Amino acid sequence: MSAADWYAENHAHLLQALGKVRALLEHQVAKTEGEKTEDPAPEPESVRDSQAETPERPFALDALCASFGLSPFERHLLLLCAGVEFESAPSSLCARAQGDPQRTYPTFSLALATLPEAHWSALTPDRPLRRWRLIEVGPGNALTASPLRIDERVLHYLAGVNEIDNRLAGWVQTMEPPDDLAPCHLDIARQLATQWSNHQEGRLPIAWMRGGEPADNRAIAAAACAFLGLELQAMPVNLLPTGPSELENLLRLWEREALLRNSALLLEEDEDTAPDSGRAQLVSWFAERVLGGIILTGGMKRLPAGRAVIHVDVRKPDSTEQLGLWQQALGVHAEKLNGSLERLTGQFDLGAPAVQAACSEALAQATQPEELPERLWQACRVQARSRLDQHGGEMALAQRIESAATWDDLVLPEAQKQILREIAVHVRQRFKVYETWGFGRKSSRGLGISTLFAGASGTGKTLAAEVLANELGLDLYRIDLSSVVSKYIGETEKNLRRVFDAAESGGAILLFDEADALFGKRSEVKDSHDRHANVEVSYLLQRMEAYRGLAVLTTNLKDALDTAFLRRIRFVVQFPFPDAAQRAEIWQRMFPSTLPTEGLNLAQLSRLNVSGGNIRNIALNAAFHAAEKGEALGMFHLLEGAHGEYAKLEKSLSDNEIEGWL
């Protein structure tokens, strides 16, 4: 039966049922007004249970009555309330049957007098009509005389419109089953569906999904529900209200919605919810009481005590599975990429939803076949950076730096440049060495490419990280150590975990500025704080050794670092203070080709005993002075800029440095 045919037949079925209730009302009116009338014939069993007539898809009225367990009287009472909404005649009949022209609405006393098989318990709070809020009792002096009204969501459902209750629309989101899943994720979805389908008695166990990216968890949960013919709705934990009445109201609305739409609930918990927080207690309370299927993701730390829990461990697809996802998503385009997919899977650790999104974006943007590899790479960067960008915006733990610097911008001795080029080789060939050649199968330790940049402020450490990021086509994130390091025990590790977990999918370059603040020499253990400081360093080393990307640590004081820590760093690059020749080269590269200049003397400028960072500040400040005066940049403007920079450094310009400038 097509959707249009079902809708038409459902409408006819509803009108027929409403007509029978209207006939009962007309009979009651006749009795009230003293007319002689015969009692209506009892409804045959075949009419009461008309669901058997439509085995493929039951009519809405029959499905609702079966789902909520309505008695024949409750069914008629619901139809009585629906009748005044769908038709005009029942309102006037209600008024005439109750002998009051103002009472154009159903009441419980009218239902008791009019409808067959009446029972008082139908309107008690624990019976379906009120427990599931199918009808609402309006204000009145007595319960039996108060107006009764069908809930709007239920009214639409009876009419064949099964859309999410607008009171839940801002709380839940429908999760469509994925077109493709990695084999390991498909197996998890099947196992969960099997465990739920084999459950015999009571409420379904809670499925707790541990690990995995949020998008992958949603896809697995939606696929598991699809196997069982269930719809999946997702709700973030942080939307749970804290007030008891609001929480109870949400629980009832969701349970009704789950029955009307045959849905399960995906409750996405924030991984950082503390075990003893009120939010964790709310999650536990809600998950323990809600009917139907419920799936939890994230850092669930307080499990419900009164309900069984299925532990579902989610791992990321391996490189072979990811390669299959790329080939499936790209179709015929995959054959023309000549090894580019292996490069993608070696750098980016993406699940099926992210792979599909990246392919869709790249295919839409690539106008020529040869553009596709680069478009795919950039689309992967966009997909992978979302979690780190979130931490940068909301948590202020990571800040993305746009990298446009090239090797030509870097003024360093050749030995240091050679080490930087070697770092780039290690990142670029990581997949071949670790995966294809098998070095990574021995152990996950020591596979991270960790680097220490040591040198005075302004000597090019951050610039070198930008050059590497631009060379490798990767995102660069500066980690704010002042936000990461916390005086509270456990908080520093938690912040580091959030950063590394968020960066894993894209192998972004992580730049820890002024690392000696966190990685200084470990003191003798004298108290619990000393012991925990050592734990923080050990945790960081462990994550760096397993990280699939490049972690760059910068320090002004290499000698302040623990030697045990230095032994576990793969590359150490010492950034020397530039000599006069290097400073002249930095000055030459500092001025854009479009800048109007007059009488610049690089030899004289190179006598300023400052680093590259200070040179940039002086040049920039001088350019603003020249622009304000409407002049070409000259030595006078640079002298003004130098005075300002030296004042900031609390230094004085020597006569030797500025001799012959003017």
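Structure: see above.
Residues numbered from 1 in each chain as written. Predicted model: local features only at pLDDT ≥ 70, side-chain atom pairs only at ≥ 80, totals over all residues. Heavy atoms only, no water.

Asks: Can you walk me through the environment of Y7 in this structure?
Replies: Within the element layout of this structure, Y7 appears in helix α1 (residues 3-32). Taking C-alpha positions, Y7 is 9.5 Å from A60, a pair spaced 53 residues apart along the chain. Not counting residues within four places of it along the chain, the set of residues in contact with Y7 comprises A159 and G160. (Helix = DSSP H or I, 4+ residues; strand = E, 2+ residues; numbered from the N terminus. Contact = heavy atoms within 4.5 Å.)

Asks: Help me understand unusual backbone geometry, please; the structure alone is not making it clear to me.
Replies: Note on backbone geometry: most residues besides glycine have negative phi, and most peptide bonds are trans. Despite not being glycine, E117 shows a phi value in the positive range, around 55°. Judged by relative accessible area, E117 falls into the partly exposed class, the value being 43%. The residue R133 is not glycine, and still its phi comes out positive at about 55°. Following the sequence through the fold, R133 ends up in the loop between α7 (128-131) and β1 (135-137). Judged by its relative accessible area of 28%, R133 falls in the partly exposed class. (Buried < 20%, exposed > 50% of the residue type's maximum accessible area, 1.4 Å probe, protein only.)

Asks: What's the story with the nonpolar core in this structure? I'm lost.
Replies: A general feature of soluble globular proteins is that nonpolar side chains tend to end up buried together. Among the nonpolar cores identified, the biggest contains 51 residues, and W326, L376, L420, F453, L468 and I509 are the most heavily contacted of them. If sequence neighbours within four positions are ignored, F453 has contacts with L420, I423, K461, A464, A465, L468, V552, L553, T554, T555, V573 and F575. Counting 44 residues, the second largest nonpolar core, distinct from the first, contains W6, L14, L24 and L110. (Core = buried A, V, L, I, M, F, W, Y, C linked by side-chain atoms within 4.5 Å.)

Asks: Even after reading the chapter, I still don't get the pattern of salt bridges, so can you show me in this structure?
Replies: It is possible for side chains of opposite charge to pair when their charged atoms get near one another. Summed over all chains, the structure comprises 28 salt bridges. Ionic pairing is found between D475 and R381, a salt bridge with its closest N-O pair at 2.7 Å. Of the two residues, D475 is situated in the loop between α19 (461-472) and β11 (476-479) and R381 in helix α16 (residues 372-395); the sequence distance between them amounts to 94 residues. No difference in accessibility class separates D475 from R381, as the two residues are buried. Taken together, the shared-partner salt bridges connect D151, D165, R167 and R256 into one network. (Salt bridge = Lys/Arg side-chain N within 4 Å of Asp/Glu carboxyl O.)

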